[in-house]
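Fold and contact review
What follows is the residue order along each chain.
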Amino acid sequence: MNTIKTRLGLIYKKLAQYPHAKLVVVSKYRDLNEINEVINSGFPIIIAENRIQEAEKKFSQLPSSTKKHLIGHLQSNKAKKAVQLFDMIESVDSFKLAEKLNYECEKINKKMPILLQVNISNDTAKYGFTETEIISMYKKIIQLPYLEVHGLMTIPKYSKDPEKSRKYFHQLRQLFKKIEQEKIFNQNFKELSMGMSSDWKIALKEGATIIRVGSYIFEE
């Protein structure tokens, strides 16, 4: 019988081949017993939620040392709560949201690490900057003093065949390199968040530094 700890062990065995990569455990729809089993597994753990309301319920009952990422679409009117709850916001998908986050961070004197979400597959069901606008948006957002742009994030168009994600992961990696070549000084720009339960192994091969995995860990 595969346990949560066993499945985490399988992921970390693979991660050992990619020393710059890390796991974010997606805890949406999971109860506190399951989340605590992950936290107490002995592995380095970052917990991710995609809804503010859900995060509020759970986070107050987790150890204060738990690192927490937001991975879902964030409405500007919930930016205040987001900067209080999370240690990184992976899903910044508009300049308006970036400005609002910067404003709320300034009020509490908090520097917030963020990733810029790119709609790399041009999926109308997904949020994110387009491939053509991301460089100009990056240049604007890194001027906001309370935000630290740590990299890019994407959620490719869903397919039953995980291999179809590969081209999108490759595109995001190339876009990441293109931004690096702009030579805009940003020592934090190191992260590529891509790959989920069905395609995280492919994402690692294509250069992911963050994989976001939920159902693979919690469901047998």
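Positions within a chain are numbered from 1, following the residues in the order the chain's sequence is written. pLDDT decides what is reported in this predicted model: residues at 70 or higher carry local features, side-chain atom pairs at 80 or more are listed and counted, and totals for whole chains, interfaces and linings draw on all residues regardless. Note that water and hydrogens are dropped before the side-chain values are worked out from all heavy atoms of the structure.

Notes on the environment of G128
To keep things clear, this is the line we draw: Secondary structure is summarised from DSSP: a helix means a run of H or I of at least four residues, a strand means a run of E of at least two, and numbering begins at the N terminus for each.
Mapped onto the fold, G128 is located in the loop between β5 (112–117) and α6 (134–141). Spatially, the C-alpha atom of G128 lies 12 Å from that of L172, the residues being 44 residues apart in sequence.

What to know about the nonpolar core
Convention followed: Put simply, buried Ala, Val, Leu, Ile, Met, Phe, Trp, Tyr and Cys residues joined by side-chain atoms within 4.5 Å make one nonpolar core. Buried residues are those whose accessible area, probed at 1.4 Å on protein chains only, stays under 20% of the maximum for their type, while exposed residues exceed 50% and partly exposed ones sit between those limits. What makes two residues a contact is simply this: any of their non-hydrogen atoms within 4.5 Å.
With 65 residues, the main nonpolar core has L23, I89, L116, I141, L152 and I217 as its most contacted residues. The leading source of residues in this core is helix α7 (residues 166–180), at six residues. Apart from residues no more than four positions distant in its own chain, I217 is found in contact with I4, R7, L8, I11, L23, V25 and V38. In terms of nonpolar packing, the next biggest core, distinct from the first, is built from ten residues, V24, I46, I71 and M88 among them.

Looking at the pattern of salt bridges
Opposite charge on two side chains permits pairing when their charged atoms draw close. Here is the rule: Salt bridges, as used here, are contacts in which a Lys or Arg side-chain nitrogen is within 4 Å of a carboxyl oxygen on Asp or Glu.
Throughout the structure, instances matching the rule amount to eleven salt bridges. In this structure, the salt-bridge partner of R30 is E219, at a minimum N-O distance of 2.7 Å. Of this pair, R30 sits in the loop between β1 (22–26) and α2 (32–39) while E219 sits in the segment after α9 (215–218), and the two are 189 residues apart along the sequence. Exposure remark for R30: the relative accessible area of 15% places this residue in the buried category.

A closer look at helix α5 (residues 95–108)
Basically, it comes down to this: How far a helix is expected to stretch is found by multiplying one less than its residue total by 1.5 Å.
With 14 residues, α5 should reach 20 Å at 1.5 Å per residue; the first-to-last C-alpha distance of 20 Å fits that figure. Every buried residue of α5 is listed here: F95, L97, A98, L101, N102, E104 and C105. Phi turns positive one or two residues past the end of α5, at N109, with a value near 55°.

Overview of the packing of α6 against α7
The line we're drawing: Lines fitted to the C-alpha atoms define the axes, with helices restricted to the stretch that makes contact. Angles between their N-to-C directions range from 0 to 180 degrees. The scheme is simple: roughly parallel for angles under 35 degrees, roughly antiparallel for over 145, roughly perpendicular for 65 to 115, oblique for anything else. When the near helix sits turned anticlockwise from the far one by under a right angle, the crossing is termed left-handed; a clockwise turn instead gives a right-handed crossing.
Following both chains from N to C, one finds α6 and α7 inclined at 50°, their axes separated by 11 Å at the closest point. On the basis of their axis angle, the class for α6 and α7 is oblique. The handedness of the crossing between α6 and α7 comes out as right-handed. Only L175, K178 and I179 of α7 make contact with α6, whose side of the interface consists of I134, I135 and Y138.

A closer look at unusual backbone geometry
Phi at Y29 takes a positive value of approximately 70°, unusual for a residue other than glycine. A residue is classified by how much of its surface remains accessible, and Y29, at 64% relative accessible area, is exposed. Its identity is not glycine, yet N109 carries a phi of approximately 55°, on the positive side. If you trace the backbone, N109 turns up in the loop between α5 and β5.

Here we look at the pairing of strand β4 (residues 88–92)
Cut-off, in case you're wondering: A pair of strands is labelled paired if DSSP reports no fewer than 2 bridges between them. The definition of a right-handed crossover adopted here requires that, viewed with the strands pointing away, the path from the first strand over the helix to the second runs clockwise.
Taking burial as the measure, the five residues of β4 include five buried ones, the bulk of the element. Both strand β3 (residues 67–70) and β4 contribute to a ladder of two bridges, which runs parallel. Considered in β4, the bridge of L70 is made with I89. On the question of chirality, the crossover connecting β3 to the parallel β4 by way of helix α4 (residues 79–85) is right-handed. The pairing of β4 with β5 spans two bridges and is parallel. Each residue of the ladder has a partner; that of V92, found in β5, is L116.

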